[in-house]
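# Analysis of the macromolecular model
Letter by letter, the chains look like this.
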Protein chains: 2
Amino acid sequence: MKIIEGGVCAAKGFSAAGVHCGIRRNKTKRDLALIYSEVPASAAAVYTTNLVKGAPLTVTKHHIADGVAQAVICNSGNANTCNADGIEVAEKMSELVAQNIDVRPNDVIVASTGVIGQKLDITPIAVGMPLLVSELAQSCEASVHAAEGIMTTDTVLKEIAVEFTVGGKVCHIGGIAKGSGMIHPNMATMLVFITTDAAISPAMLQKALSGDIQNTFNMVSVDGDTSTNDMVAILANGMAGNETITEENEDYAEFMRALNTITVYLCRKIAGDGEGATKLLECAVSGARTEEIAKTVAKSVICSSLFKAAMFGADANWGRVLCAIGYSGADVDVTKIDVSFESKAGRIDVCLGGAGIPFSEEEAKEVLSEKEITVLIELGSGEESAKAWGCDLTYDYVKINGDYRT
Amino acid sequence: MKIIEGGVCAAKGFSAAGVHCGIRRNKTKRDLALIYSEVPASAAAVYTTNLVKGAPLTVTKHHIADGVAQAVICNSGNANTCNADGIEVAEKMSELVAQNIDVRPNDVIVASTGVIGQKLDITPIAVGMPLLVSELAQSCEASVHAAEGIMTTDTVLKEIAVEFTVGGKVCHIGGIAKGSGMIHPNMATMLVFITTDAAISPAMLQKALSGDIQNTFNMVSVDGDTSTNDMVAILANGMAGNETITEENEDYAEFMRALNTITVYLCRKIAGDGEGATKLLECAVSGARTEEIAKTVAKSVICSSLFKAAMFGADANWGRVLCAIGYSGADVDVTKIDVSFESKAGRIDVCLGGAGIPFSEEEAKEVLSEKEITVLIELGSGEESAKAWGCDLTYDYVKINGDYRT
């Protein structure tokens, strides 16, 4: 497996585009993105667990109920959520795609991100669609444009692709993402679109995605708030020519590894680019009795405001780590817990068997002043492990989310 | 019932004191507090649910297992948590009280708040104890000194007392509290000590306290982090001369009302004085199918970092309220939810039946610029209600908690 260029255009038969159509006032900001497969593709998606769901999610769920899709249309600047005409507008978006390119409306995945509770005017989308379609291309630039089109408060473009082999055939998988940081003026969304030319049945594709996110996107937290519009969608058009994966065989395992490379990369990108973040935090829990315990502990620590603020301040405040473990609800033996901090600058042990040990504050500060920090938690009670990703809590998070909407 | 002065010294037979003994370097900061009842009192307490528990909690639980206590000793500056000799030191604290005043060591409630994972040196406490005991007095000033002695990052002293009548006898109940804001350099604690001269059996006292906190202290959130040392303790010495409350009769109901007045007041004080807070937030949920749903929704909203940051910015961002309801896990019908904001400056409706309604941004800004804000959520599905209290998320929260410990 090797990392390659091209993002969502890395896989055979996929083209993309991103343009400014006028949903956003800033004319230099692309606000409409399209991903298109030459042929109908196996499709799978996972959605936010929030009871308040964006209309595009409902429409997408309906459209890919048959396991097939051929295009993704996504706008930024308006989430099309909590609107009376939301479904109608989301359907209209897919119809507009179908009117401009050879695809059935029911084969279009629809997504929106931005303000909620404000009507999404279909006009700029209708006007911009011919331009968007005319810009479709299979190039690195085209994938970048699509990635830009879905960005909101993201400060870094998020894109990755890898090449891998299934049954002797070279396959490609690539993805773009927008961060889970919450948008000014309302909430935003984590959106991830993945394309691959591997041949895999819709059922196995859904299984692969649903399984993968348990240890990837479901283990990312920027601020504990679960958006209304989160969606991860994947299209597999089979153009690599491998024997279609229809069961959990070696090919499936290889596909899972490639998919996981894409998703872990995007998770880290999303966490590190959380709103106002200056640092990517990884919490690696080992020695747990069950995987569930490891996950619960990792998420509790990565979500702790106190821990996040301490990391912002490069403060080796292991007491907050222990505290977050203690209230996580996980059944752990506190007297067996070891805690260390690690980064490019080295590793420092701070807690052994649930009690503090002497350490150099200077050395700790050096370790914690890096941009990527791992907190290692050994629970001393078993063999299971888990990882979670997040970011520090900073002045800028408060600034971004405390600003007046007007 | 009427509000009176005197805090923990308002009830007959209770005296208090607070001194600087040297746990903290700042000599102007009291760091040791004592509350004393002339006669042994019924005692009850509730403790943090965090698996990581301060040693003083373990000792206190043991001491009041018989339902009786006569004194409370509490230091600030060190939480005596995650220390190998924690229990020993906490026991020593009660022995020191017993050596200096007429009380059995086993009748002393012990509490500590401050840094965790650093040994608590007993020396300053031993040296300071004679002074502390000599300062014991039943006066408004003495209660203030005790309240000061338990403060950490609190910016406001928290104290209240009321007079009420049980079975024709005038009774008093009063309390002091320290905030649940998290202390520099480590975590802090919510501590509440309540005294009353009402006569009530230990069992009924525990029942009253355990019942009350479900709707009061358990509904307060400053930052979602549950401290290791939280404790609410109450002493009832019976000196008011009422017939001892031993069952759920009218007297018990009257006592519960008085207790609830004390606890709600202290909850609001604690929430409004959360670290870095500029505003007290109250979330009042009505129309819930069950009380559990109402509570889950209220807590989810009050804990949302996005909502808290929006309130800091006086931004009527009702989408974040709906979002927090949606991911709360409560089974609600989103299309029936109404949301309003209310303060001294007025009330503004922002969401009706799960969808936004037009409102004046200027008027909303006025409403949200007040120091105390209520978000009203009507779920439209039943008769149950609940309240939760919290505070806004500010630059100062990050500053206080992100600073280097050194």
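Residues numbered from 1 in each chain as written. Chains lettered and ligands numbered in written order. Predicted model: local features only at pLDDT ≥ 70, side-chain atom pairs only at ≥ 80, totals over all residues.

### Focus: the overall build of chain A
Which entries qualify depends on this criterion: Runs of H or I in DSSP of at least four residues are treated as helices and runs of E of at least two as strands, each being numbered from the N terminus. We take the radius of gyration over the C-alpha atoms and set the globule estimate at 2.2 Å times the residue count to the 0.38 power. Note on burial: count the other C-beta atoms lying within 10 Å of the residue's C-beta; 20 or more is buried, 12 or fewer is exposed, in between is partly exposed, and C-beta positions come from the backbone. Our contact criterion uses C-beta atoms placed from the backbone: two residues qualify when those atoms are within 7 Å.
Regarding its fold elements, chain A presents eleven helices and 15 strands. Taken over the C-alpha trace, chain A has a radius of gyration of 22 Å; the compact-globule value for 406 residues is 22 Å, and the two agree within 12%. Along the first, second and third principal axes, the C-alpha set of chain A runs to 70 × 55 × 35 Å. Every one of the 406 residues in chain A was classed for burial, and the buried ones make up 61%. Excluding contacts between residues fewer than 6 apart, the proportion of contacts in chain A whose partners are at least 24 apart in sequence is 80%.

### Quick notes on the domain arrangement of chain A
Residues and elements named next belong to chain A. The line we're drawing: A domain assignment, automatic or from a database, supplies the domain bounds used here. Under this grouping Gly is polar, as are all residues other than the nonpolar Ala, Val, Leu, Ile, Met, Phe, Trp, Tyr, Cys and Pro and the charged Asp, Glu, Lys and Arg.
Along its sequence, chain A is carved into domain 1 (2-272) and domain 2 (280-402). Each of domain 1 and domain 2 was reduced to a C-alpha centroid, and the two centroids are 32 Å apart. The residue inventory of the side of domain 1 that touches domain 2, partitioned by class, reads six nonpolar, five polar and one charged.

### What to know about the sheet that holds strand S11 (residues 338-343) of chain A
Residues and elements named next belong to chain A. Going by this rule: Note: two strands are recorded as paired if DSSP finds a minimum of 2 bridges between them. Only the stretch in contact is used when fitting a helix axis, every axis being a line fitted to C-alpha atoms; angles between N-to-C directions are given from 0 to 180 degrees.
Here six strands make up an open sheet; going across it, the order is S13-S12-S11-S14-S10-S15 and the pairing mixed. If you trace the sheet from one side to the other, it starts and ends with strand S13 (355-356) and strand S15 (384-391), each paired once. Together, strand S10 (280-288), strand S14 (372-378) and S15 form the strand contacts of helix H7 (residues 291-303), whose direction differs from that of S15 by roughly 20 degrees.

### Concerning the pairing of strand S4 (residues 68-78) of chain A
Residue and element names in this part refer to chain A. Burial analysis of S4 places ten of its eleven residues in the buried class, the great majority of the element. Pairing between strand S3 (residues 32-47) and S4: seven bridges, direction antiparallel. Considered in S4, the bridge of Ile35 is made with Val72.

### Here's the deal with the confidence of the model for chain A
Residue and element names in this part refer to chain A. Just so we agree on the cut-off: pLDDT measures the predictor's confidence residue by residue and takes values from 0 up to 100.
For chain A, mean pLDDT is 92; residues scoring 70 or higher make up 96% of the total. The low-confidence segment residues 182-187, where pLDDT is below 50, has 29 contacts with residues more than four positions distant or belonging to other chains. Interface predicted TM-score (ipTM) for the complex: 0.76; the corresponding pTM is 0.82.

### Concerning the sheet that holds strand S10 (residues 280-288) of chain B
In sheet architecture, strand pairing relies on hydrogen bonds along the backbone and comes in two forms, parallel and antiparallel. The six strands lie next to each other as S13-S12-S11-S14-S10-S15 (chain B), forming an open sheet whose pairing is mixed. Each edge of the open sheet is held by one strand with a lone partner, namely strand S13 (355-356) and strand S15 (384-391) of chain B.

### A word on the nonpolar core
How we decide: The term nonpolar core means buried Ala, Val, Leu, Ile, Met, Phe, Trp, Tyr and Cys residues held together as one set by C-beta atoms within 7 Å.
Ranked by internal contacts, the top residues of the largest apolar core, which has 288 residues, are Leu34(A), Val297(A), Leu34(B) and Val297(B). Sequence-distant contacts of Val297(B), that is, excluding residues within four places in its chain, are made with Val285(B), Ala288(B), Ile325(B), Ser328(B), Ala330(B), Val332(B), Ile377(B) and Leu379(B).

### Focus on the packing of helix H7 (residues 291-303) of chain B against helix H9 (residues 318-326) of chain B
Residue and element names in this part refer to chain B. The condition that has to hold: An angle below 35 degrees is treated as roughly parallel, one above 145 as roughly antiparallel, one from 65 to 115 as roughly perpendicular, and anything else as oblique. For any pair of crossing helices, the crossing counts as left-handed if the nearer helix is rotated counterclockwise from the farther one by less than a right angle, and right-handed if it is rotated clockwise.
Contact pair H7 / H9: the axes reach a minimum separation of 8 Å and the direction vectors enclose 130 degrees. When the axes of H7 and H9 are compared, the pair comes out oblique. The crossing of H7 and H9 is right-handed. Side by side, H7 and H9 meet where Val297, Ser300 and Val301 of the first sit next to Val321, Ala324 and Ile325 of the second. Of the residues assigned to the contact of H7 with H9, the class counts are five nonpolar, one polar and no charged.

### As for the packing of helix H8 (residues 305-312) of chain A against helix H9 (residues 318-326) of chain A
Residues and elements named next belong to chain A. In the contact formed by H8 and H9, the axes pass within 9 Å of each other and the chain directions differ by 160 degrees. Here H8 is positioned roughly antiparallel relative to H9, judged by the angle of their axes. Between H8 and H9 lies a crossing whose hand is left-handed. Of the residues in H9, those touching H8 at Leu306, Phe307 and Ala310 are Arg320, Val321 and Ala324. When its residues are assigned to classes, the contact of H8 with H9 shows five nonpolar, no polar and one charged.

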